[in-house]
Amino acid sequence: MATIGMHFGHDAGAALTDASGYRVIEAERRLGLRHVCGGNGAFPAAAAQWLSELRERAASPVTRIAVADWYTPRCQVLPPALVELVNGDARWAAPGGTGLAEAVTRVIKPLDWPLAQGLGDITLTAVRHHYAHAALAYYTSGARKALVLALDGTGNYAECGMVCLGDGDQLTPVMSFDNRGGPRFGLVFEALARRVHGSQFDTGKLLGLTATGDTDGALLPVLRVMLVPQATRRAAPDLYEVLAEDLLAGTALRYGDTWWEYDPVSGGYLDAGLADSSDDDVVHSFSSVFPDEIRAADGRTVLVGGSPDDRVCRNLAATLQSAVEGDLVRLVTGISRRFPSYATLCYAGGCALNITANARLAESGQITRVSVPTCCDDSGIALGAALAVADPADRPALLGRTRWAPLAYAGPPLTGLEALDADSTIPAGPGRSTQRAADDEEFVERVADLLADRKCVAWLEGGLETGPRALGHRSLLVSAHWSGARRYVSETIKQREWFRPVAPICPEELADKYFTGPLDHAETMLFAVRVRPDRARQLAEARHIDGTARLQTVRPDVQPLLHRLCHAVATRTGLPVLINTSANGGGRPILNRLDEALELLTGTELDAVALPEHRLIVE
């Protein structure tokens, strides 16, 4: 029987799992608003439609619905029993301890729930936020035995992470982390992103900015204590490095007019003052406000600016990234040693979008394989909740090296194509022409001609990608062979900041000729690799400022036409590497309607739209 999951917090959505596969509906792509939550006015009616759509898509009757427990009070379609559970059950709200296994799923009554009308006889289950992350990571990995880690800014109750053990069809929680003690990787990253870029959701921009700065050795221990206070480090030295006190003596943080001195008892700055505060105050204090000024142990003070062009902000970004990477690797190493028989790590939560940190984990030598789902952030919470409560038979079998693909492309197909049959074409618009190729070979050759001629093509095929990365289904492509390609696609067409990285696509069998690093993890752009020094000039347009690349390798059994396109471009340019970024305008979600693609073609410098399944090219 099929299971549907729902998530009402930011990056809201709904999802289905049954034996035939997954289907993921991300609210932002339906409602046209980035990171939209259930409090949006259009959400109630849309959510009812999504439930109907998923029930029709299911290969078997829907008997279970799971709702994640992180939500916004503004949502008008919350199950009343979910609100009662989260706000009133002390055992459910306990962030850790021996009762954790009993506080990750709970059957609740669907009484007075507007969306329950018409659902028939269903079992409604609440799923803890981080357990949903963990379930997504484990059950979509194909692993049968794994250490599972979820880390993000926060769920409910100031919880920021969870460790589970995956054994066969069982996923058992064994540890919980909260923002009072850390690790606060997500919150502090959000705070600096808000300071520099204006939004807590700009952590991706901040990660791109880290490559433009230098690590400040005097500020590094200060930021590390902001992430994990000394009291936590002393209590669990196998998970966190205890820092030398002389690196922290005399340090302080200024917020507004108040200096917070380093407190050797709590081992932090705000920690002592927040000891008796609410969980909400703890989360707000660490995520919403980054210090205005920092005093290092040598007495030097650093005034924090508020712009990505500010050198101090760029150095702070680089320093914070260094702190996160070091403490994350130490944490995972310590957890792995506590549970030594688990060689695979399944990792999810917003922190798992940090591709350079992911690469450090993959190359640490402690873990054989690091598996990160494409929708590892909250966009995957709905599916994670469904997987957490689904019968094992309703979790698709994932085998072989293509096991990541069923999730990566589990979004709906491109809409607006209904009128396109074998004889029809897209109506011509102002200055627009349409060509239909006779076969796949001709189609690929025509697109390759455009790319070799320094054109940008929107390549739209198959199911929409889940999560924030475009992986060749909703992608803007340019060839990496010509100078100016990065600026053309990233700044001219998408109007993105100069420091934002673009992502190369390369045939898997050729990747080691151009890149080094964890190439066996490079299918989904969630791990950083390095451009080979002897290829640095040739790949100048595809590499980031620090020499890394957010690579996607493609194979003929997963993306046959895109794989052929890379080779066809290589015959014209000598380089089988394309630059890829998501198909959307500045500040908009990844598109999933044909009319949106045509608007992008008309309203920007985009040169063509390619529809492989119809062999159509619109210029």
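Structure report, in brief. Starting afresh in each chain, residues are numbered from 1 along the sequence in its written order. Local features are withheld for residues below a pLDDT of 70 in this predicted model, meaning they are given only at 70 or higher, and side-chain atom pairs are given and counted only at 80 or more; totals for whole chains, interfaces and linings count all residues. The basis for the side-chain values is all heavy atoms of the structure; hydrogens and waters are excluded.

**Quick word on the pairing of strand β24 (residues 578–582)**
- Burial status follows relative accessibility: with a 1.4 Å probe on protein chains alone, a residue under 20% of its type maximum counts as buried, one over 50% as exposed, and anything between as partly exposed. Helix and strand definitions follow DSSP, with helices as H or I runs of at least four residues and strands as E runs of at least two, each counted in order from the N terminus. Most of β24 is tucked away: five of the five residues are buried.
- DSSP calls a pair of strands paired once it identifies at least 2 bridges connecting them. Where strand β18 (residues 474–479) meets β24, five bridges bridge the pair, whose relative direction is antiparallel. Pairing of Ser479 across the sheet is with Leu578, part of β24.
- Summarising the sheet, strand β19 (residues 503–507) and β24 pair through three bridges and their orientation is antiparallel. Opposite Pro504, over in β24, you have Ile579 as the bridge partner.

**A short note on the packing of aromatic side chains**
- Geometry of aromatic contacts follows a simple scheme: Phe, Tyr and Trp rings, the Trp one being its six-membered ring, pair when their centres are within 6.5 Å, and the pair is stacked under 30 degrees between planes, edge-to-face over 60, tilted otherwise. As enumerated under the stated definition, the model contains eight aromatic pairs in all.
- Between Phe8 and Phe43, the aromatic rings sit 6.2 Å apart at their centres with planes inclined by 70°, giving edge-to-face as the arrangement. Taken as a pair, Phe8 in the loop between β1 (2–7) and β2 (13–18) and Phe43 in helix α2 (residues 43–57) lie far apart in primary sequence, 35 residues in all. We note that Phe8, like Phe43, is buried.
- Centre to centre, the rings of Phe43 and Trp50 are 5.5 Å apart; their planes meet at 85°, and the pair counts as edge-to-face.
- Judged by relative accessible area, Phe43 falls into the buried class, the value being 0%.
- Grouping aromatic residues by their ring pairs yields a cluster made of Phe8, Phe43 and Trp50.
- Definition used: whenever NZ (Lys) or CZ (Arg) falls within 6 Å of the ring centre and also within 35 degrees of the ring normal, the charge is taken to sit over that ring. In this structure, Lys145 packs its charged tip against the face of Tyr342, placed 4.0 Å from the ring centre.

**Digging into the pattern of salt bridges**
- For this document, the term salt bridge refers to a Lys or Arg side-chain nitrogen within 4 Å of an Asp or Glu carboxyl oxygen. Applying the stated criterion across every chain yields a total of 36 salt bridges.
- As a salt-bridge pair, Arg615 and Asp440 come within 2.9 Å of each other at their nearest N and O atoms. Within this pair, whereas Arg615 is found in the loop between β25 (608–611) and β26 (616–618), its partner Asp440 is found in helix α15 (residues 440–452), the two being separated by 175 residues in sequence.
- In this structure, Arg555 and Asp557 form a salt bridge, with 2.8 Å as the shortest nitrogen-oxygen distance.
- Overall, Asp557 belongs to the exposed group, its relative accessible area being 52%.

**As for unusual backbone geometry**
- Going from Gly182 to Pro183, the amide bond is cis rather than trans, its omega being 10°.
- Position of Pro183 among the secondary structure elements: in the loop between β9 (170–178) and α6 (185–197).
- Of note, Ala158 is a non-glycine position whose phi angle comes to about 65°, a positive value.
- Structurally, Ala158 is set in the loop between β7 (145–151) and β8 (159–167).
- One non-glycine residue, Arg454, adopts positive backbone phi at about 65°.

**Quick word on the pairing of strand β6 (residues 123–127)**
- β6 sits mainly inside the fold: four of its five residues count as buried.
- Two strands pair when backbone bridges link them, and strand β5 (residues 105–108) and β6 are joined in this way by four bridges, in the antiparallel orientation. When the sheet's bridge partners are listed, Ile108 is paired in β6 with Leu124.

**Topic: the sheet that holds strand β12 (residues 293–295)**
- Pairing is antiparallel across the open sheet formed by four strands, whose spatial order is β11-β10-β12-β13. Looking along the sheet, the strands with just one partner apiece sit at the ends: β11 (258–261) and β13 (301–303). Strand-to-strand twist across the sheet, computed as the mean angle between neighbouring axes with direction ignored, equals 20°.
- Across three bridges, strand β10 (residues 252–255) lies against β12 in antiparallel orientation. Simply put, an axis is a line fit to the C-alpha atoms, just over the touching stretch for a helix, and the angle between two N-to-C directions goes from 0 to 180 degrees.

**As for helix α12 (residues 355–362)**
- Most of α12 sits inside the fold, with seven of its eight residues counted as buried.
- Those residues of α12 that sit buried are Ile355, Thr356, Ala357, Asn358, Ala359, Leu361 and Ala362.
- It only takes one pair of heavy atoms within 4.5 Å for two residues to be counted as in contact. Packed against the buried residues of α12 are α7 (203–209), α11 (311–338), β14 (344–348) and β15 (369–371).

It is worth stressing that arrangement in space is one thing and function is another; only the former is reported here.
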